[in-house]
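In case you want the letters, here they are:
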Amino acid sequence: MPGQRKRRRQRQDEARGAASRFAREAGRWEVLFETQDEAAWRAHIHRLRASDAQIDWTAARMDTFCGRLIQPTTYRLSLFVPNPAPEPGRNPSGN
C-alpha cells in the first residue's frame, strides 16, 4: 500500500517522543480522580473537559483496573506532572 512505510515511521517517531516525554526522570503521574463507579468517573471527566481548559489532555491517562470476584473494577484519571526545570546558575546536585 503506498505510503505505509512513511506512516509506520511516523507512528514509531511519535511513540519514541511520548516515551521520552513521560519518562520516569521527566516527572510523575498524579491521580486526579479515582472511583469504583463508572458513571461518576465519566461525569467527572465530562465536567473537567467542559470547565478546565488548563488541563493538557495529551498528558492525561485514563486507566481501568479490571476487578475480579474479590476486588471491584476501579477507574482512575491521572495527569502527568513534569519535574521543575533547574534554575540557571544552580548546581543540580544541590551543593
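Every value quoted in this text rests on a predicted model; they were computed, and no experiment measured them.

A. Inspection of the pattern of salt bridges at higher detail. One pass over the full model with this rule turns up four salt bridges. The partner of Arg 76 in a salt bridge is Glu 34, and the shortest N-O contact between them spans 3.3 Å. On the criterion of sequence distance, the pair formed by Arg 76 in strand 3 (residues 74-82) and Glu 34 in strand 1 (residues 27-35) is long-range, its members being 42 residues apart. Linking Arg 42 and Glu 38 is a salt bridge whose minimum nitrogen-to-oxygen distance equals 2.9 Å. Residue Arg 42 and its partner Glu 38 are both found in helix 2 (residues 38-51); the two are separated by four residues, about one turn of the helix.

B. Just the pairing of strand 3, in detail. Both strand 1 and strand 3 contribute to a ladder of eight bridges, which runs antiparallel. In the strand pairing of strand 3, Gly 27 is matched with Pro 82. Both strand 2 (residues 60-65) and strand 3 contribute to a ladder of six bridges, which runs antiparallel. By the bridge assignment, Ala 60 is partnered in strand 3 with Leu 79.

C. A look at the nonpolar core. With eight residues, the main nonpolar core is built from Trp 41, Ile 45, Leu 48, Ile 55, Ala 60, Tyr 75, Leu 77 and Leu 79. Counting only elements with at least two residues in this core, the list comes to helix 2 and strand 3. Leave out the neighbours within four places in its chain, and Leu 79 touches Arg 28, Trp 29, Glu 30, Leu 32, Ile 55, Asp 56, Ala 59 and Ala 60.

D. Spatial organisation of a positive patch on the surface. A grouping of Arg 5, Lys 6, Arg 7, Arg 8, Arg 9 and Arg 11 is seen on the molecular surface, where their side chains present a positively charged patch. Among the secondary structure elements, Arg 11 is positioned in helix 1 (residues 4-21).

Parameters and conventions
In this numbering scheme, every chain counts its residues from 1 along its sequence in written order. Predicted model: local features are reported for residues with pLDDT of at least 70 only, side-chain atom pairs are reported and counted for 80 or more only, and whole-chain, interface and lining totals are derived from all residues. Based on all heavy atoms of the structure, the side-chain values leave hydrogens and waters out of the count. Should a side-chain nitrogen of Lys or Arg be within 4 Å of a carboxyl oxygen of Asp or Glu, the pair is scored as a salt bridge. A run of H or I in DSSP counts as a helix once it spans at least four residues, and a run of E counts as a strand once it spans at least two, with each numbered from the N terminus. DSSP calls a pair of strands paired once it identifies at least 2 bridges connecting them. By convention a nonpolar core is built from buried Ala, Val, Leu, Ile, Met, Phe, Trp, Tyr and Cys residues, the set being connected through side-chain atoms within 4.5 Å. Any residue under 20% of the maximum accessible area for its type is buried, any over 50% is exposed, and the rest in between are partly exposed; the area is computed with a 1.4 Å probe on protein chains only. In what follows, residue pairs with any heavy atoms lying within 4.5 Å of each other are defined as contacts. Every patch collects residues that have over 30% relative accessible area and no salt bridge, joining them within 9 Å if they carry like charges and within 5 Å if they are nonpolar side chains (Val, Leu, Ile, Met, Phe, Trp, Tyr). Using a 1.4 Å probe, accessible areas were evaluated by the Shrake-Rupley method; residue-level cover was limited to the displayed protein chains. A residue counts as positive if it is Lys or Arg and as negative if it is Asp or Glu; His and the chain ends are not included. Every charge is mapped onto a representative atom, which is NZ of Lys, CZ of Arg, CG of Asp or CD of Glu.

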